[in-house]
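Observations on the model geometry
What follows is the residue order along each chain.
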Amino acid sequence: MKFNGTYKFHAPSQRVFEAILNPAVLKQCIPGCEAVEYADENHLKVTLSLPVPGLKGTYTALLNIVQRQVPNLLVLQLQRQGRGGSIDATAQITLADEPDGALLSYDANAEMSGPIAVANNPVGQGVAKNSLSTFFKNLEKVLAA
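About the cut-offs
Each chain carries its own residue numbering, running from 1 in the direction its sequence is written. Selection of residues for local features in this predicted model requires a pLDDT of at least 70, selection of side-chain atom pairs for listing and counting requires 80 or more, and totals for whole chains, interfaces and linings are taken over all residues. For side-chain calculations, the full set of non-hydrogen atoms in the structure is used, while hydrogens and water are omitted. Helix and strand assignments follow DSSP, with helices taken as H or I runs no shorter than four residues and strands as E runs no shorter than two, numbered in order from the N terminus. Radius of gyration means the value over C-alpha atoms here, while the globule rule gives 2.2 Å times the residue count to the 0.38 power. Throughout, exposure labels follow a simple rule: accessible area from a 1.4 Å probe, protein chains only, divided by the maximum for the residue type, with under 20% read as buried, over 50% as exposed, and the rest as partly exposed. Put simply, a salt bridge is a Lys or Arg side-chain nitrogen that is within 4 Å of an Asp or Glu carboxyl oxygen.

- If you look the protein up in an unreviewed UniProt entry, it shows as Carbon monoxide dehydrogenase from Thermogemmatispora aurantia.

In structure tokens, the structure reads:
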């Protein structure tokens, strides 16, 4: 499954970049998120509750910060195997300052197997896109506060 797009924030790239790596902010912004904490300086442990039929339940995953160039580039990788199947996902996030805020661009790819692969069908893709949209809107609210 591939995702790419942009989102315009009304905050400078430095603030957006810092927010994306802040566990308290992520917990507020990620739909279904129960907890986020640093396992070490390059790994975030994320606990999510999924409402998707066939996958309902709580899952924990380790998000690897593969590359970071403050405040313009983040490369994140998520690998998880276990109950619910396996996922290997990578996302590249770039931020560019514009006169009225930061433009975030993302390019992500996820390979899934097992029950989680339901996300590859149109309904699953809709849920994923809706969750991403909700994340960006929630992040915008946090940055505006």
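Topic: the overall build of the protein
- Assigned secondary structure in the protein consists of three helices and seven strands.
- Along the protein, helices (α) and strands (β) appear in the sequence β-α-α-β-β-β-β-β-β-α when read from the amino end.
- The C-alpha radius of gyration computed for the protein amounts to 15 Å, which stays within 12% of the reference 15 Å derived for 145 residues, consistent with globular compactness.
- Oriented by its inertia axes, the alpha-carbon framework of the protein measures out at about 45 × 35 × 25 Å.
- Taken over 145 residues, the protein has a buried fraction of 35%.

Describing the pattern of salt bridges
- Here the structure, examined in full by the defined rule, presents three salt bridges.
- K8 serves as the salt-bridge partner of E98, at 2.5 Å between the closest nitrogen and oxygen. Of this pair, E98 sits in strand 6 (residues 85-98) while K8 sits in strand 1 (residues 2-9); the two residues are 90 residues apart in sequence, bridging distant segments of the chain.
- Using a relative accessible area of 23% as the deciding quantity, one classes K8 as partly exposed.
- Where K45 meets E37, a salt bridge forms, and the shortest distance between an N and an O atom there is 3.8 Å.
- Residue E37 is classed as partly exposed on the basis of its relative accessible area, which comes to 44%.
- By sharing partners, the salt bridges in this structure join K8, E98 and D100 into a single network.

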